[in-house]
Amino acid sequence: MNNFIFQNGTKIYFGKDQIDNLPTEVLKYGRRALFVYGGGSIKRIGLYDKVMNLLRSAGIEVSELSGVEPNPRHTTVNKGAIICRDKQIDVVLAVGGGSTIDCSKAIAATALANTDDVWELIEGKVRYEIALPLITVLTVAATGSEMDGGAVISNMEKNAKFALHSPLLLPKVSFENPEYTFSVPAYQTACGSFDIMSHILDVEYFSQSDTMDMLKCIQEDVLKTVIKFAPVAIAKPDDYEARANLMWASTWALNGFLYDGYVQPTVCHWMEHELSAYYDITHGHGLAIVTPRWLKYVLDEKTAPDIQRFGVNCFGVTPSLSPMEGAQKAIDALSDFLFNKLGLKSRLSELGIDDKHFAAMARSACRGGILNGFKPLNQNDVEAIYRMCL
Ligand code: NZQ
Ligand code: ZN
């Protein structure tokens, strides 16, 4: 058991019509808001008009930054920071998925930092000790960005995708209405759903440290929630119950509540971030391809019991098997869920990815050392796992 600190100050409005509270929350921070969104999905579902009307009716002065990319670029963050300075923005409002929220967090930090370039913050060359307040309206259940202090930003010129992490970046308020996710396509629902699961598996569940049983049990319950409701949401996109469960699971998976303080590299995430930095693929899909291969690679007498437990408690694998057999069945069950039930392509080659950059990606994923996670991995191990994914 480890010591830990738990604190999370994000206020959540969950459910239908909660958005009506948006102006009141914005006005707590000021009258000038930067409204940040992506490529147009919020216009298609009527959310753009709804938010704009609410803000304008309350006398809030709105500036806009649209076109935030999935895998948000540092250049877009820099544009947003300039708007904040020019327009003396008081509060940043992100309406969208993890990419829009992450971009907005990075804007909030860069706007008040002593640089025009967020990449200097990410590389640690410039420190930031304040950030503009951020409010979010979530439209995809996936990243947990709505209630965490992380912001993952891509620099495509450098094939680099790295994160800022700070309590300063925690949203002050997040609005979660499952109805806003009815329009999320099946593919994105599948990717987001596995991202939720991966936040539990990669950050906490599979580790060398013992986790307190209460946390392990809740982690399994959240995993089972996703396993149950992701296929429902794919089959029936406007199933409120399914979308609500996925949305709240997204928030819980990474808001710190399931975390027992043990720090380890998030191996699958670091491997996936290399894939999206080089090939701009969807984060959750990269994780889905990497994770079963990683589990297969790290499977040995020491890791088998935890992998077996995951299979037994989350996928109903027979408990009476030996740990090695049970763990193998667990990996098979996870693969079946991802590639048959959720319908995700299972190989990197199907996404047009070959082994050209594997050595460089493995070097960067290992940050020049050993990834001391569930089982320690060096650069050659990581490259071997990438090859298993081809
Ligand atoms: O850009 P628009 O038009 O909004 O379309 C988006 C985008 O194409 C679309 N979409 C969003 N809401 C929709 C919708 N389509 C229809 N109906 C809706 N309601 O979905 C596509 C993907 O959106 P995106 O925001 O990229 O998805 P997601 O929420 O999965 O975010 C992924 C990003 O978050 C990072 C990932 O690496 C990736 O860059 N992560 C952030 C984390 C964090 N902040 O803690 C942790 C994660 O591990 C992850 O790394
Ligand atoms: Zn993730």
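Here the structure is shown first, and the text comes after it.
All of these numbers come straight from a predicted model, not from anything done at the bench. (Residues numbered from 1 in each chain as written. Chains lettered and ligands numbered in written order. Predicted model: local features only at pLDDT ≥ 70, side-chain atom pairs only at ≥ 80, totals over all residues. Heavy atoms only, no water.)

Further remarks concern the side chain of Thr 139. Mapped onto the secondary structure, Thr 139 falls in the loop between β5 (134–138) and β6 (150–155). A relative accessible area of 6% means that Thr 139 is categorised as buried. Within the structure, Thr 139 has its side chain in polar contact with the backbone nitrogen of Gly 97 (distance 3.4 Å). Sequence-distant contacts of Thr 139, defined by excluding residues within four places in its chain, comprise Ile 42, Leu 47, Gly 96, Gly 97, Tyr 180, Thr 181 and Val 184. (Helix = DSSP H or I, 4+ residues; strand = E, 2+ residues; numbered from the N terminus. Buried < 20%, exposed > 50% of the residue type's maximum accessible area, 1.4 Å probe, protein only. Polar contact = N/O pair within 3.5 Å; in protein donor to acceptor, adjacent residues only side chain to side chain. Contact = heavy atoms within 4.5 Å.)

On to the nonpolar core, then. Membership of the largest hydrophobic core comes to 97 residues, with the highest contact counts inside it found for Leu 164, Phe 206, Trp 294, Ile 307, Val 382 and Tyr 386. The residues contacting Phe 206, other than those within four sequence positions of it, are Leu 201, Gln 264, Trp 294, Leu 295, Asp 306, Ile 307, Phe 310 and Phe 374. Ranked by size, the runner-up nonpolar core spans 24 residues in total, among them Tyr 13, Val 26, Ala 33 and Tyr 180. (Core = buried A, V, L, I, M, F, W, Y, C linked by side-chain atoms within 4.5 Å.)

With that settled, the discussion passes to the site of ligand 1. As a structural note, the neighbourhood of ligand 1 is formed by 31 residues, with Ser 41, Gly 98, Ser 99, Asp 148 and Lys 161 the closest of them. Look at ligand 1: alone it shows 960 Å² of surface, and the protein chains cover 89% of it. Listing elements by their share of the shell around ligand 1, those giving two or more residues are α5 (98–110), β6, α7 (186–205) and α10 (267–279). Within the shell around ligand 1, the residues separate by chemical class into 9 nonpolar, 18 polar and 4 charged. (Near = heavy atom within 4 Å. Areas by Shrake-Rupley, 256 points an atom, 1.4 Å probe, with all protein chains shown as cover. Nonpolar A, V, L, I, M, F, W, Y, C, P; charged D, E, K, R; others polar.)

A few words on the pairing of β5. In terms of burial, β5 is a largely internal element, 5 of the 5 residues being buried. Residues Leu 134, Thr 136 and Leu 138 of β5 are buried on one face, and the alternating residues Ile 135 and Val 137, pointing to the opposite face, are buried as well. Alignment of strand β4 (residues 91–96) against β5, held across 5 bridges, turns out to be parallel. Paired with Val 95 across the bridge in β5 is Val 137. In this sheet, strand β8 (residues 173–176) lies alongside β5 in parallel orientation, the contact comprising 4 bridges. Within β8, the position partnered with Ile 135 by the bridge is Val 173. (Pairing = 2+ DSSP bridges.)

Attention shifts here to unusual backbone geometry. In this model, Asp 17 sits at a positive phi of 65 degrees, which is unusual for a non-glycine residue. A positive phi angle, near 55 degrees, is found at Asp 280, a position not held by glycine. Counting through the fold element by element, Asp 280 comes out in the loop between α10 and α11 (283–298).

For the zinc ion (ligand 2), the full set of protein donor atoms is Asp 195 (OD), His 199 (NE2), His 269 (NE2) and His 283 (NE2), and the range of their distances to it is 2.0 to 2.2 Å. On the accessibility criterion, Asp 195 (2% relative accessible area) is buried. (Donors = N, O, S within 2.8 Å, 3.2 Å for Na, K, Ca; no water.)

Strand order in the open sheet made by the 6 strands is β1-β8-β5-β4-β2-β3, with parallel pairing throughout. For this open sheet the edge positions go to β1 (11–14) and β3 (61–65), each flanked by a neighbour on one side alone. Each strand axis lies, on average, 20 degrees off the axis of its neighbour in the sheet, ignoring direction. By the bridge criterion, 5 bridges tie strand β2 (residues 32–36) to β3 in an arrangement that is parallel. Residue pairing for β3: Arg 32 is matched across the bridge by Glu 61. Helix α4 (residues 74–87) contacts β2, β3 and β4 of the sheet and is inclined by roughly 160 degrees relative to β3. Each of β2, β3, β4 and β5 is contacted by α5, which is oriented at about 165 degrees to β4, the strand it contacts most. (Axes fitted to C-alpha atoms, helices over the stretch in contact; angles between N-to-C directions.)

Summed over the entire model, instances satisfying the criterion amount to 18 salt bridges. Residue Asp 90 is joined to Arg 32 by a salt bridge in which the shortest nitrogen-to-oxygen separation is 3.6 Å. Of the two residues, Asp 90 sits in the loop between α4 and β4 while Arg 32 sits in strand β2, which places them 58 residues apart along the sequence. Residue classification places Arg 32 among the partly exposed residues on the basis of a relative accessible area of 29%. Between Asp 336 and Lys 341 there is a salt bridge, with its nearest N and O atoms 2.9 Å apart. Look at Lys 341 and you get exposed, because its relative accessible area is 51%. (Salt bridge = Lys/Arg side-chain N within 4 Å of Asp/Glu carboxyl O.)

So, on to helix α12 (residues 304–315). Note: α-helices contain 3.6 residues per turn, so residues at a spacing of three or four share the same orientation. Between its first and last C-alpha, α12 extends 16 Å over 12 residues, near the 16 Å set by a 1.5 Å rise per residue. Contact partners of the buried residues in α12: α7, α8 (213–235), α11 and α13 (323–341). Looking one or two residues beyond α12, the residue adopting positive phi is Gly 316, at roughly 70 degrees. (Expected span 1.5 Å × (residues − 1).)

Attention shifts here to the packing of aromatic side chains. Inspection of the entire model under this criterion finds 18 aromatic pairs. With a centroid separation of 5.9 Å and 55 degrees between ring planes, the pair formed by Phe 315 and Phe 337 is classed as tilted. Taken together, the residues Phe 315 in helix α12 and Phe 337 in helix α13 connect sequence positions 22 residues apart. A cation sits over an aromatic face here: Lys 43 above Tyr 48, 4.6 Å from the ring centre. In this arrangement the basic side chain of Lys 216 is found over the ring face of Tyr 205, its NZ or CZ atom lying 4.1 Å from the centre. (Phe/Tyr/Trp six-rings, centres within 6.5 Å; stacked < 30°, edge-to-face > 60°. Lys NZ or Arg CZ within 6 Å of the ring centre and 35° of its normal.)

Two elements in contact, α7 and helix α9 (residues 240–254), have axes whose closest approach is 9 Å; the angle formed by their N-to-C orientations is 35 degrees. The two elements α7 and α9 cross, and the hand of that crossing is left-handed. From α7, Thr 189, Ser 193, Ile 196, His 199, Ile 200 and Val 203 reach across to α9, where they touch Arg 243, Leu 246, Ala 249, Ser 250, Ala 253 and Leu 254. Residues of the contact of α7 with α9, tallied by class, amount to 7 nonpolar, 4 polar and 1 charged. (Left-handed = near helix turned anticlockwise from the far one by under 90°.)

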